[in-house]
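Chain by chain, the residues run as shown.
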Amino acid sequence: MDSCENENHYGDCNKGDVLKQIEEETEEKEKGASTPSSSMSRSSSRPQLDLSRAAIQGDLEDRNPTILLPNQSDDISHLALDIGGSLIKLVYFSRHEELSVDDKRRKSMKKRFGLSNGNRRSYPILGGRLHFVKFETGKLNECLDFISSKQLHRGGIDSPSWRSAAQPNHNIVMKATGGGAYKFADVLKERLGVSLDKEDEMHCLVAGANFLLKVGVAVSTEQAIRHEAFTHMDGQKEFVQIDQNDLFPYLLVNIGSGVSIIKVDGEGKFERVSGTNVGGGTYWGLGRLLTKCKSFDELLELSQRGDSSNVDMLVGDIYGGMDYSKIGLSASTIASSFGKTISDTKELSDYRPEDLSLSLLRMISYNIGQISYLNALRYGLKKIFFGGFFIRGHAYTMDTISFAVNFWSKGQAQAMFLRHEGFLGALGAFMSYEKHGLDYLRAHQLVERFPMGAPYISWMEKFVQKGTQITAPVPTAAPRTTGLGGFDRPLSRGDILRSDASAALSIGVLHFVPTLEVFPLLEGPKTYEPNTIDLTDPGELEYWLTVLSEHLPDLVDKAVASEGGTDDAKRRGDAFAHAFSAHLARLMEEPAAYGKFGLANLLELREECLREFQFMDAYITIKQRENEASLAVLPDLLMELDSMNEEDRLLALIEGVLAANIFDWGSRACVDLYHKGTIIEIYRMSRKKMQRPWRVDDFDIFKKRMLGSGDEKPNPYKRALLFVDNSGADIVLGMLPLARELLRRGTEVVLVANSLPALNDITANELPEIVAEAAKHCDTIRRAAEAGGLLVDAMVSIQEKGLKNQSPSVSLMIAENGCGSPCIDLRQVSSELAADAKDADLVILEGMGRAIHTNLNARFKCDALKLAMVKNQRLAEKVFNGKIYDCICRFEPRNEPVASTETDSWDN
Ligand SMILES: Nc1ncnc2c1ncn2[C@@H]1O[C@H](COP(=O)(O)OP(=O)(O)O)[C@@H](O)[C@H]1O
Ligand SMILES: CC(C)(COP(=O)(O)O)[C@@H](O)C(=O)NCCC(=O)O
Ligand SMILES: [Mn+2]
């Protein structure tokens, strides 16, 4: 990895690199201004550093040279604060300073193979990430250390801020809300040199809630980002779909130190209609005095082992054990919170801290629930959203509030909670930066990721951990429900309080990727569901979590080996294993922990987790080895294919794709196979076993569309998008020969590959080398690659040789798909792919991840061919009523019903 891409690039890069990068940034920026396709991400209203006339100042040998940006105004900040009575909440934006994948591809190609991606468009990724971090207000200094260590007040060292620490901080203005924005303004000025631009707290709360609810809405109806709002009753969390046209009015109840109750009628339209001074501060403060607890979490944890009937006076205590049924109160209803403590024979020390904590929690939660209900009633509102850190994702608290709302409203009003509960104000303050550019972003350009806070990466990450209080996020106990928060039901105690660590994990980092688009050929993106398997089925979830967990040791081996097996790599490997296991355990314990989560998300989470621990390409060695071995036999395969008639050849090609899809290092069964022979032996074996009819076998329909029947010769496809899968035989002996056939028939071909590595999948920047190698043995591929601008050197030599008169070839091109996962969510693809899709009339999806786990049910506006080998027994059974190594060839002509001919019995 280029050291400039490290967070700590001030220390790691020499100034030559820094300047070069600045030049590139500036160059990109200038280019961007004239490229219409990137106008979105280059919107002039987005905050951008003005790098023009950037110059290194001072000694050129200096490790951390000061860089002057004469044209940069001083008011860029990507941090907003909400300083409350108890907690400081930070929302900050970090820009990716890394080059776009496309740039990397161009560079690595130029460098390694003397190739160029020709005149392909460049889509610089100008996105970034939105981080959510909190500190205790009493530890303001820690928060200030964090801010200055990450240079957040100056735009952040993650983002391309090149101002040196030596530069004075005058004129830096930062958005802040909450009482602390007033109280601590001087401290911030003194310590960080920043002035606070104070934003109204209620306004911020509402802006934050509206933003989240709108993103959440877009998500549930059309996009893939996890849901925001959910209900919590009887221990069950359920994400709610909110109709964007039916969001307002709603009641927002923010339970911080105190409680604000706001009626929200629209964007910026709201009224604080009520509040109560009995809130989170009351619970924490009184609780601390009563129990001697040292932390909020400790207090909450105590409550779980409490029995409040030792403290509370129940209806039964007053009525001699009887219900007061006439007014609907059972004997176990709390008549008076803390009512039993009036006893003059008992001292505080005679009560169990557990009981006191629970009694206090119930008292406050019920009270807030009730006041909220009354306000909802007063204004005729049905929806009540609860925010604020008092809730702290705690199941029992939410159940109790929900019970109260439900009880008093007789089921008419609904209590809903927000995943970003305590960050509403800070988010709202962040939104109030006039030029944050987020208003241009659409929901499909947001991707939420759940990093663990990789502990070994840099000293800065440790600060992140401090901020989110992540220690060892490994859940300890098996799932249990929280019991009922009812007025009149006995408590079932003992639910697990998740460590703040794992609770913090519920809020991921929001990645803003302006280059993501909805795949234009997708039919009905609003109803599109990428995942085939429903992981909300507990059996499925458990199965797939177990599969991933069992695969882990092997993956760690590969990952460590890919980094040379050094001590550092081993350490990171261990850390990765811990982190990923913790993710799995967390999901096992609470399936909805990360919002709506499908198998595709799970597989992507694994790749993201690897990247978080700096394993950029765990299967690199395997991929290279398999590419070489396959390229060596490619000429023979092409010769064999060329000796066939066109019908046999088409069948052999499809068979070849299916057979070669066996090279999948993500499948346990396949990995076991690889120990039994060489790549070529396994490939031969796999081909030999190919017997039609396949499990899903639409080959004849596809053949008819390709070759016609009788005298009828169909028009060739204009452009085919081939979503390719694995490296090695899969791409070289499977998909490339198929691409060649299409090219021969006059169809333009775009090979669509991953932007980032995932398992042994081929990536877009690895493809040019493979195409170039194949071109050496095949004229069709060579000429098409030249036409597609993939082989610049070759083009020069042709011109030199005077071969210009040859008939023009259709193009072979490469596009990155915008993702780094073995699956693909077609709502979020690269703009490069979206642009290439415009003229395409055939989509070929290959592999289990892209054609089965995801997109098996996807419908397209053009013809689609889905090809895969099913390399998992359970999946084969469940989805296809078949068995492992069955093959799927599903052809779906555009706008026609699915025409699959599934065979009844495989064995005959
Ligand atoms: N780690 C924590 N430390 C202190 N209070 C916490 C913590 N986690 C949750 N809380 C609860 O959250 C409340 C603060 O919520 P918050 O929304 O941040 O409000 P404020 O803006 O008033 O600080 C506290 O009063 C307490 O009840
Ligand atoms: C991750 C995969 C989807 C990749 O398959 P591919 O797309 O390469 O065909 C697949 O390997 C998989 O589902 N593996 C887990 C199942 C198993 O080990 O049986
Ligand atoms: Mn794959």
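The structure reproduced in this document is the subject of the present report. (Residues numbered from 1 in each chain as written. Chains lettered and ligands numbered in written order. Predicted model: local features only at pLDDT ≥ 70, side-chain atom pairs only at ≥ 80, totals over all residues. Heavy atoms only, no water.)

**A look at the overall build of the protein**
Point 1. Along the protein, the regular secondary structure elements total 30 helices and 27 strands.
Point 2. For the protein, buried positions account for 59% of its 908 residues.
Point 3. In the protein, 74% of the contacts between residues at least 6 apart in sequence involve partners at least 24 apart.
Point 4. When the accessible surface of the protein is summed, it comes to about 36,200 Å², and 50% of that surface belongs to carbon and sulfur atoms. (Helix = DSSP H or I, 4+ residues; strand = E, 2+ residues; numbered from the N terminus. Buried < 20%, exposed > 50% of the residue type's maximum accessible area, 1.4 Å probe, protein only. Contact = heavy atoms within 4.5 Å. Areas by Shrake-Rupley, 256 points an atom, 1.4 Å probe, with all protein chains shown as cover.)

**Here's the deal with the sheet that holds strand β16 (residues 414-418)**
Point 1. Spatially, the seven strands line up as an open sheet ordered β9-β8-β16-β15-β10-β11-β12, and their pairing is mixed. Each edge of the sheet is formed by a strand with only one pairing partner; in this case those strands are β9 (236-239) and β12 (269-276). This sheet shows a mean twist of 30° between the axes of neighbouring strands, independent of strand direction.
Point 2. Direction of pairing for strand β8 (residues 229-233) relative to β9: antiparallel, over a ladder of four bridges. Counterpart to M233 in the pairing with β9 is Q236. (Pairing = 2+ DSSP bridges. Axes fitted to C-alpha atoms, helices over the stretch in contact; angles between N-to-C directions.)

**Comments concerning the site of ligand 2**
Point 1. The immediate surroundings of ligand 2 are formed by 16 residues, with D664, G849, H853, K871 and N872 found nearest.
Point 2. When isolated, ligand 2 has an accessible area of 470 Å², and the protein chains bury 97% of it.
Point 3. Looking at the shell around ligand 2, the elements that each hand over two or more residues are α16 (538-562) and α29 (848-853).
Point 4. It is α29 that contributes the most residues to the shell around ligand 2, three residues altogether.
Point 5. Partitioning the shell around ligand 2 into residue classes produces four nonpolar, eight polar and four charged. (Near = heavy atom within 4 Å. Nonpolar A, V, L, I, M, F, W, Y, C, P; charged D, E, K, R; others polar.)

**What to know about the coordination of the manganese ion (ligand 3)**
Point 1. Every protein donor of the manganese ion (ligand 3) is listed here as D725 (OD), N726 (OD1) and D761 (OD), and their distances to the metal cover 2.0 to 2.1 Å.
Point 2. Sequence spacing of the donors to the manganese ion (ligand 3): D-N-x34-D. Of the two residues, D725 is situated in the loop between β21 (719-723) and α24 (729-744) and D761 in the loop between β22 (748-753) and α25 (767-775); the sequence distance between them amounts to 36 residues.
Point 3. According to the relative accessible area criterion, D725 is buried, its value standing at 5%.
Point 4. On the basis of relative accessible area, D761 is assigned to the buried category, the value being 2%. (Donors = N, O, S within 2.8 Å, 3.2 Å for Na, K, Ca; no water.)

**Quick look at the site of ligand 1**
Point 1. Near ligand 1 there are 14 residues, and of these S86, K89, S257, G280 and F389 occur at the shortest range.
Point 2. Here K89 contributes a side-chain N or O atom positioned 2.7 Å from an oxygen atom of ligand 1.
Point 3. Within the backbone of G281, a nitrogen or oxygen atom sits 3.1 Å from an oxygen atom of ligand 1.
Point 4. Isolated, ligand 1 exposes 570 Å² of accessible area, and the fraction of that covered by the protein chains is 94%.
Point 5. Those elements that provide at least two residues to the shell around ligand 1 are β4 (87-95) and α8 (280-291). (Polar contact = N/O pair within 3.5 Å; in protein donor to acceptor, adjacent residues only side chain to side chain.)

**Notes on the pattern of salt bridges**
Point 1. The tally for this structure, following the rule as stated, stands at 44 salt bridges.
Point 2. The shortest N-O distance in the salt bridge between R191 and D145 comes to 3.0 Å. On the criterion of sequence distance, the pair formed by R191 in helix α6 (residues 185-192) and D145 in helix α4 (residues 140-149) is long-range, its members being 46 residues apart.
Point 3. Overall, R191 belongs to the partly exposed group, its relative accessible area being 37%.
Point 4. Notably, a salt bridge pairs K623 with D617, separated by 3.1 Å at the nearest N-O pair.
Point 5. Under the relative-accessibility criterion, K623 is labelled buried at 2%.
Point 6. Note on D617: relative accessible area 11%, which makes it buried.
Point 7. Each of E646, R649, K713, E741 and R745 takes part in a single network of salt bridges with overlapping partners. (Salt bridge = Lys/Arg side-chain N within 4 Å of Asp/Glu carboxyl O.)

**Quick word on unusual backbone geometry**
Point 1. The amide bond that connects F248 to the next residue, P249, takes the cis arrangement and shows omega of -5°.
Point 2. Cis geometry marks the peptide bond from R692 to P693; its omega dihedral reads 0°.
Point 3. Among the structural elements, P693 can be located in the loop between α22 (679-689) and β20 (696-697).
Point 4. Positive phi outside glycine occurs at F338, with the angle close to 65°.
Point 5. Checked against the element boundaries, F338 lands in the loop between β14 (334-336) and α11 (353-379).
Point 6. At N855, a position not held by glycine, the phi torsion is positive, near 75°.
Point 7. If you trace the backbone, N855 turns up in the loop between α29 and β26 (863-869).
Point 8. Residue N855 is classed as buried on the basis of its relative accessible area, which comes to 1%.

**Brief notes about the nonpolar core**
Point 1. In this structure, F519 and L721 are the most contacted members of the largest nonpolar core, which totals 143 residues.
Point 2. Look past the residues within four positions of F519 in its chain and what remains in contact with it is L721, F723, L826, V829, L833, A837, V843 and F860.
Point 3. Among the nonpolar cores identified, the runner-up in size contains 62 residues, and L140, L196, L212 and A429 belong to it. (Core = buried A, V, L, I, M, F, W, Y, C linked by side-chain atoms within 4.5 Å.)

**Some thoughts on helix α23 (residues 699-707)**
Think of an α-helix as 3.6 residues a turn; residues three or four steps apart then line up on the same face.
Point 1. Turning to α23, its buried residues are F699, F702, M706 and L707. The arc that holds the buried residues of α23, viewed along the axis, is 110°, so those residues lie on one side.
Point 2. Buried residues in α23 make contact with α20 (646-660), β20, α24, β26 and β27 (887-892).
Point 3. The first or second residue beyond α23 is G708, which carries a positive phi of 75°. (Arc of directions from axis to C-beta.)

**Quick look at the packing of aromatic side chains**
Point 1. All chains considered together, the criterion is met by 28 aromatic pairs.
Point 2. Ring geometry for F93 against F430: centres 6.2 Å apart, planes inclined by 45°, an arrangement best described as tilted. Note that F93 is positioned in strand β4 and F430 in helix α13 (residues 424-431), a separation of 337 residues in sequence. Each member of the pair, F93 as well as F430, carries the same accessibility label: buried.
Point 3. For the ring pair W665 and Y674, a centre distance of 4.6 Å and an interplane angle of 50° mean the geometry is tilted. Accessibility classification places W665 together with Y674 in one group, the buried group.
Point 4. Members of the aromatic cluster, connected to one another through ring pairs, are F230, F239, F386 and F417.
Point 5. Seen from the ring of Y717, R705 lies directly overhead, with NZ or CZ sitting 3.9 Å from the centre. (Phe/Tyr/Trp six-rings, centres within 6.5 Å; stacked < 30°, edge-to-face > 60°. Lys NZ or Arg CZ within 6 Å of the ring centre and 35° of its normal.)

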